[in-house]
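Survey of secondary and tertiary structure
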Amino acid sequence: MKFRDTKPIATYGIRFLDKFLVSINEGELVLIGANSGCGKSTLAQHIAKVNTKSGVKTALFSLENSQGDTLRREIYRNYKDLSGDWKMSFREFNKMVYDNNVNEELFDKAEKIAKEDLGNIWLYEKPADGFTVEDLKRQLREMELLGTDTVFIHSSMKSVGDVEGGADTVIDAWMEYFKEGLLLLPTHTWKQMSEEYS
């Protein structure tokens, strides 16, 4: 019996996952499944940041977020870490910023760290009028992404908008483009993984 060649190209950046899953290999499709609000987006963003720092060319499609949301959430997480206020919610943080009631020194540090962490990631968020399949293909070409690259895509069809053929068309387009690379889609939920859907 022969195993196909498996070339490790990325890591999860979390000791537990790296110990038991070892690595992310070239050509693999990794699904991150959990209920809404459990941290799929945060985990995908963490994986993207860790691998970018290691020199892995990474693109993060966060299609549920409006432009600027990913940076704001990263600043929020850094601000919580720096201030030690672990109970602060994202809503509370936004109100503090709106009311100009944040510690400016900590905010500036949090913003600097966030921009450094996200600076080398090709980040695409939802435009006001949504995406089409051709938009996505064009952006992939503009980003000079290769079919062998590693790409993290966080999306929902309501964010992409109406596309002829629906979700299957969008996923087929991405899978075709990255058929020799690694495509991660952290949008699977436990509901779709239940026996009812098996």
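Residues numbered from 1 in each chain as written. Predicted model: local features only at pLDDT ≥ 70, side-chain atom pairs only at ≥ 80, totals over all residues. Heavy atoms only, no water.

Check the secondary structure of the chain and you find eight helices and seven strands. Within the chain, the proportion of its 198 residues that are buried is 38%. For the chain, restricting intrachain contacts to residue pairs at least 6 apart in sequence, the fraction spanning at least 24 positions comes to 74%. Summed over its atoms, the accessible surface of the chain is roughly 12300 Å², and 50% of this surface lies on carbon and sulfur atoms. (Helix = DSSP H or I, 4+ residues; strand = E, 2+ residues; numbered from the N terminus. Buried < 20%, exposed > 50% of the residue type's maximum accessible area, 1.4 Å probe, protein only. Contact = heavy atoms within 4.5 Å. Areas by Shrake-Rupley, 256 points an atom, 1.4 Å probe, with all protein chains shown as cover.)

As a further point, take the confidence of the model for the chain. When the pLDDT values of the chain are averaged, the result is 79; 80% of them are 70 or greater. Mean pLDDT values for the elements of the chain range from 62 in helix 7 (residues 157-160) up to 92 in helix 5 (residues 104-118). (pLDDT = per-residue confidence, 0-100.)

Time to look at the environment of I47. With respect to the helices, strands and loops of the structure, I47 is situated in helix 2 (residues 40-53). Judged by relative accessible area, which is 0%, I47 ranks as buried. With sequence-adjacent residues up to four places away left out, I47 is seen in contact with T11, Y12, I24, I32 and F152.

Further remarks concern unusual backbone geometry. The phi dihedral of V22 falls on the positive side, at around 70°, and the residue is not glycine. Among the structural elements, V22 can be located in the loop between helix 1 (15-21) and strand 2 (24-25). One non-glycine residue with positive phi stands out, namely N100, at about 55°. Relative to the helices and strands, N100 resides in the loop between helix 4 (90-98) and helix 5. What makes N100 exposed here is its relative accessible area of 56%.

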